[in-house]
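The chain contents come next:
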Amino acid sequence: MPELLRMPEVAAGATSALLSCWSVAVDDEYPAGRVIAVIETDKAVVDMEAESPGRILRTLVSEGTEVAIGDPIAVIAGPGERVDDVDAAVTALGAAGDVEAAPARAATESRPSDSVADEPPAAPSPPVPTEASSPSVAADGRIFISPIARKRASEVGLDVTTIAGTGPNGRIRRRDVEAAIAAGGSLRQVAAAEPSTVPAPLTAADHIDIPHTRLRRAIATRLTQSVTTAPHFYVKGSARVDRLLALRAEINSAGDVKVSVNDLLIKAMARAHMLVPAMNVVWHEDHVRQFVSVDIAVAVSTETGLVTPVLRDVESLSVTQIAQQTRDLAERARAGALRQHELEGGSTSISNLGMLGTEEFTAIINPPHSSILAVGAARTEAVVEDDAVVVGQVLRVVLSVDHRPVDGAVAAEWMREFTGLLQAPARILA
Amino acid sequence: MSEVSPLQQSAPWVRLETTEADWDAADPALLGTMFAQLILIRSFEEFVLQLAGEGLIHGPAHSSIGQEGGAVGSVLPLVSQDTVNGTHRGHHQFLAKVLTHLAPGGIDPTQPVSADIREALLRTLAEICGLDRGYSHGRGGSMHLRWDEAGAIGTNAIVGGGVPLAAGSALAHRLARTDNVSVTYFGDGASNIGSTLETFNLAAAWKLPLCFFIENNRYAVSTKVEEVTGEDRLSARGPGFGLASWQVDGMDPLAVYLAMQQALAYMRSGQGATLIEADVYRYFHQNGPFPGSAFRYRSKEEEAAWRARDPIDRVAGHLVRRGIMSREAVDAAIASAGALMAEIGEVLLEPVPDGKPGERRIRPSEWPDPGFVDTGIRGDLSEFECVRTVDRDSFTGPLTDMKFIDAVAGVMGRRMELDASIVVMGEDIHRLNGGTNGATRGLKDAYPDRILGTPISENAFTGLAGGMAMDGRFRPVIEYMYADFMWVAADQLFNQIGKARHMFGGSHPVPVVLRSKVAMGTGYGSQHSMDPAGIFVTNPGWRIVAPSTPFDYVGLMNAALTCEDPVLVLEHVDLYTSSGEGPVDDFDYTLPVGRAAVRRSGSDVTVLTYLAMTPYVLEAAEQVGDHIDAEVIDLRWLDRASIDWETIGQSIRKTNNVLIAEQGALGTGYGAWLADEVQRRYFDWLDQPIQRVTGGMASPSISKVLERAAFARAEEAVTGLEAMGVGRDA
């Protein structure tokens, strides 16, 4: 039997995704696991793999179309399955027969016997229940939500894109928000859907308006959310890193994998997190989640903006493994080829501007993390050692911390452990 | 062969003309005053036209030049307490009344005018220019000149619109047991409109001390009087209505004076209303400084013939002939009147900075503050400061189950007993044991002079009540047998009563109460079944109360009769026969202005309703009570200024859902403005669009099943509540 292929939820909380291109032609048979389409979200380009062998009978959305999550994108059939009348099959499945994005609206509001089309009905029209699972999103990505529901969701920081509306047109009502809060609804993860194509800059005599890319808008949304919802405080630290640099040189002289200072710092962060587990947390509305393993996001600057792929289980990785994985993630980040899951998770991030000579800076926490470490350049400085001024390599760091799950003393303890590790770098590897 | 014999109207109809002997007999001081008034008015009007030519008059300048003789001749025999009003062309009547008020002993044309007169001319000119110094702070302008102190009760821009108001003033004079009269000036154009003709009848029937003074200038803008009537001797209409009538040459001020003396004797002796037709001529077009011939609806020869009969020349001629004034003194007086206006103009005008030579502008300090724009649409309610206000929760007197209609008659009887200024009028209210529904039961016997059965002429008696209210000595209450009749009286309700306070500067009260019956459900069909609240609420001057219980009726009627603003008291025939809680013996309490009543507390939806829909909504709320917890608010005060946002807002913040429930047709419905206001005030608190329960598109029909289908009751309220998708099962 033919069936509908629907837009998968490629990132938690996403309302829509871009059907970037079809990777197989209509009627060409594909095996299970074959990439049949490429899907783009705010952050990642995802290959959509076939779950089972089959072929596409008809595509329902054209390339470059923004599609609401869960909406049909193609009609597929099993390999060799005879379908004489594709139109009838499409109709039977209730999908639109053209190549436009199907509207997300499950049903339009019907009106009682009212023959005067341009005048309102005398009595309110009964709301038409919509499928409970269908998000309240119009074809253009607009979310139908009542004013009080929007206000309430905003008060608790609830991501309205994850809520199914039960009102007319699938409108999210206050009761839907309350139910989502009771169920521990997800915080906002992504920005609203964006136009799939970036228009050309608008130029004028005295300025150029550069249209937002999806990534630019996502950065703006997430970091604005961070500074407006996560109360930041900052703990500064510095360490002599002469021995750390020596250690790095020693490691690099032996193996063919080059380890950076940053890789050592990532490892030291993981060690410090294991030593101060109260730092390895993230904030939720009704609890603080503490992790067992340490996942650390690494800020990678790309041409279009900042992305933060996540290294997993850093506490159990060797520094060379960290170096390899970091390099792989950074390369793919710059190529725009990260998978969505590689961008999620973790409790902390590291952002290093040392290679650009920055002495010291503070960073904004990357939600839902509870901290981010801002790393400056290792500089040759005059250092007082045993009451004498000597020359040493000094590294300055600033840890931004979300005060909701973490108090100052915890952060201070973490900073003491971390700078201690940098000054006795063998312990990093222990 | 039938016998045919001529019939004669019972009222007299005469033409009065002066003789040389009349002029010889006239008091020199009277002729001097007549001349002084004529030249002051002529100079004033010439100056206004000059300003209009300079673009300094915003809006029309309806010149009275050529018509002064009618106004001056007719006003001179009046006293200050006599009242006059007029139409859009009313500068001359207003000024004549003001001059006569300020100089009751006459004006010597050879002497400079008094400071009072100079000040009055300045304020009148300022009003015409739209300036703060004017009598109405520039709001009224040329067409709305009012100075109550002088007995000038307001000119009017609606043709014929002021005529019923003058009847109200006349009734007030009579009820106050004075011999004062009211004079209403209008032209040949206004002689054909309903307001005027209805008032001819009403004033004649009630023998009001009212003079209808027709300045027949022969043209309604460019339309000739012969074109629009079969009898262009307009005074011929008077006897048909029973009005004693005079025709007189309006270019002869003494003839007008003598005719008015006769009419006054008739009116002051209680014989009733009169009509004077004065044939006059406006030298210029409808407005502006050009003659009518420039617009080709009349000839230069015709204009020259009328100008040859100029009233100023005529009076001046007799003054010189009789040796009262020399020709030189006449010329000097005319010149000094012109100089006076130029000097007054200097107060208001200044040269345009860096302008062309002679170019002038209004002095900026003379303009009203734009922030004054909406001030004084209604009163400040200070009249309630010393009034005992209670609500149901603070009322301590005994209560009983009573018929609603008994509360209606009960509270009016009590008020009339304590307040001799209350006068009730309407169709059949004096018969049928309290009118068609018993609302005035027992009152005609107790107060025969103050319960007045009217002719079927809503526009006239509504305007009459409005005029009484503006007069201030009486507090009129009018009853509409059916609410739909508001359209018949719409000019008086909305152009006159509803706007008067604001238009005349914001400080003149208009305490009139309109009891309007809603008769939906009685089988009276399309033209007798409307709920007028939605229309009245568009006019910000009106306050609206809608009592749904006998207790509330008493308290709201007392509030209406206290208020210095026009108040519509909505009554519903369904409620008349209902019973409910009401006072045993206390009919003196007043409900607080602007307080709604929460009839049922609930958490799921706020239902805003009023009048007879309230019990139906409560019934519906009980029916759905097992799954929808509705909060029912009986609005009680419906107008924009008095509605209880505090109670409404509190409820909406709680329920987040709003249903506005009313009985009547959608188009004229009340809920639209309220929904608009609610969404702007409470947008962030709403969980769905504001919903409405109303009747159908069309007005209800006669057929019982069609009528029932056309308006809303409990069943529709249930449907409306269920459709909101609120409550436990939703």
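Calculation criteria
- Residues numbered from 1 in each chain as written.
- Chains lettered and ligands numbered in written order.
- Predicted model: local features only at pLDDT ≥ 70, side-chain atom pairs only at ≥ 80, totals over all residues.
- Heavy atoms only, no water.
- Helix = DSSP H or I, 4+ residues; strand = E, 2+ residues; numbered from the N terminus.
- Rg over C-alpha atoms; globule rule 2.2 N^0.38 Å.
- Buried < 20%, exposed > 50% of the residue type's maximum accessible area, 1.4 Å probe, protein only.
- Contact = heavy atoms within 4.5 Å.
- Areas by Shrake-Rupley, 256 points an atom, 1.4 Å probe, with all protein chains shown as cover.
- Polar contact = N/O pair within 3.5 Å; in protein donor to acceptor, adjacent residues only side chain to side chain.
- Core = buried A, V, L, I, M, F, W, Y, C linked by side-chain atoms within 4.5 Å.
- Expected span 1.5 Å × (residues − 1).
- Phe/Tyr/Trp six-rings, centres within 6.5 Å; stacked < 30°, edge-to-face > 60°.

A closer look at the overall build of chain B
When its secondary structure is counted, chain B shows 25 helices and 24 strands. Computed over the C-alpha atoms, the radius of gyration of chain B is 29 Å, within 12% of the 27 Å expected from 2.2 N^0.38 for a compact globule of 730 residues. Each of the three principal axes of chain B carries a C-alpha extent, and together these read 95 × 85 × 50 Å. Taking all 730 residues of chain B together, 62% fall into the buried category. Considering only intrachain contacts with a sequence separation of at least 6, the fraction spanning at least 24 residues in chain B is 79%. For chain B, the accessible area works out to roughly 26,500 Å², and carbon and sulfur atoms hold 52% of it.

Notes on the overall build of chain A
Along the backbone of chain A there are nine helices and 21 strands. Looking at chain A residue by residue over its 430 residues, the buried ones come to 45%. Within chain A, residue pairs in contact and separated by at least 24 positions form 64% of the contacts whose partners lie at least 6 positions apart.

Things to note about the side chain of His 369 of chain A
All names here are of chain A. Within the secondary structure layout, His 369 lies in the loop between β18 (348-352) and β19 (371-375). Taking the relative accessible area as the measure of exposure, His 369 reaches 4% and is therefore buried. Reaching out from His 369, the side chain makes a polar contact with the backbone oxygen of Gly 345 at a distance of 2.9 Å. Here Gly 346 takes part through its backbone oxygen, which lies 3.5 Å from a polar atom of the side chain of His 369. Leave out the neighbours within four places in its chain, and His 369 touches Val 282, Ala 297, Gly 345, Gly 346, Ser 347, Thr 348, Ser 349 and Asp 402.

Here's the deal with the nonpolar core
All names here are of chain B. By size, the foremost hydrophobic cluster in this structure holds 127 residues, and its most contacted members are Phe 212, Met 425, Leu 570, Leu 635, Tyr 670 and Leu 674. At eight residues, the largest contribution of residues to this core is made by helix α19 (residues 550-562). Ignoring anything within four residues of it in the chain, the contact list for Leu 570 reads Ser 516, Val 518, Asp 531, Pro 532, Ala 533, Ile 544, Val 545, Ala 546, Pro 547, Tyr 610, Leu 611 and Leu 638. Residues Leu 56, Leu 95, Val 98 and Tyr 185 belong to the second largest nonpolar core, which totals 90 residues.

Some points on helix α6 (residues 261-275) of chain A
Residues and elements named next belong to chain A. With 15 residues, α6 extends 21 Å from end C-alpha to end C-alpha; this agrees with the ideal 21 Å at 1.5 Å per step. With 11 of its 15 residues buried, α6 lies for the most part within the structure. By the burial criterion, the buried members of α6 are Asn 262, Asp 263, Leu 264, Leu 265, Ile 266, Lys 267, Ala 268, Met 269, Ala 270, Ala 272 and His 273.

Side note on the packing of aromatic side chains
Aromatic ring pairs are reported here in terms of the distance separating the ring centres and the angle at which the planes meet. Residues and elements named next belong to chain B. Per the stated rule, a full pass over the model turns up 25 aromatic pairs over all chains. Arranged with centres 6.3 Å apart and planes meeting at 45°, the rings of Phe 186 and Phe 200 form a pair that is tilted. Of this pair, Phe 186 sits in strand β4 (residues 182-187) while Phe 200 is found in helix α7 (residues 194-205), placing the two residues 14 residues apart along the sequence. Owing to a relative accessible area of 2%, Phe 186 belongs among the buried residues under this scheme. For Phe 200, a relative accessible area of 0% gives the class buried. Ring centres of Phe 536 and Trp 542 lie 5.1 Å apart, and the angle between their planes is 85°; this geometry places the pair in the edge-to-face category. What makes Phe 536 buried here is its relative accessible area of 1%. Taken together through their ring pairs, the aromatic side chains of Tyr 610, Trp 645, Tyr 670, Trp 673 and Tyr 682 make up a single cluster.

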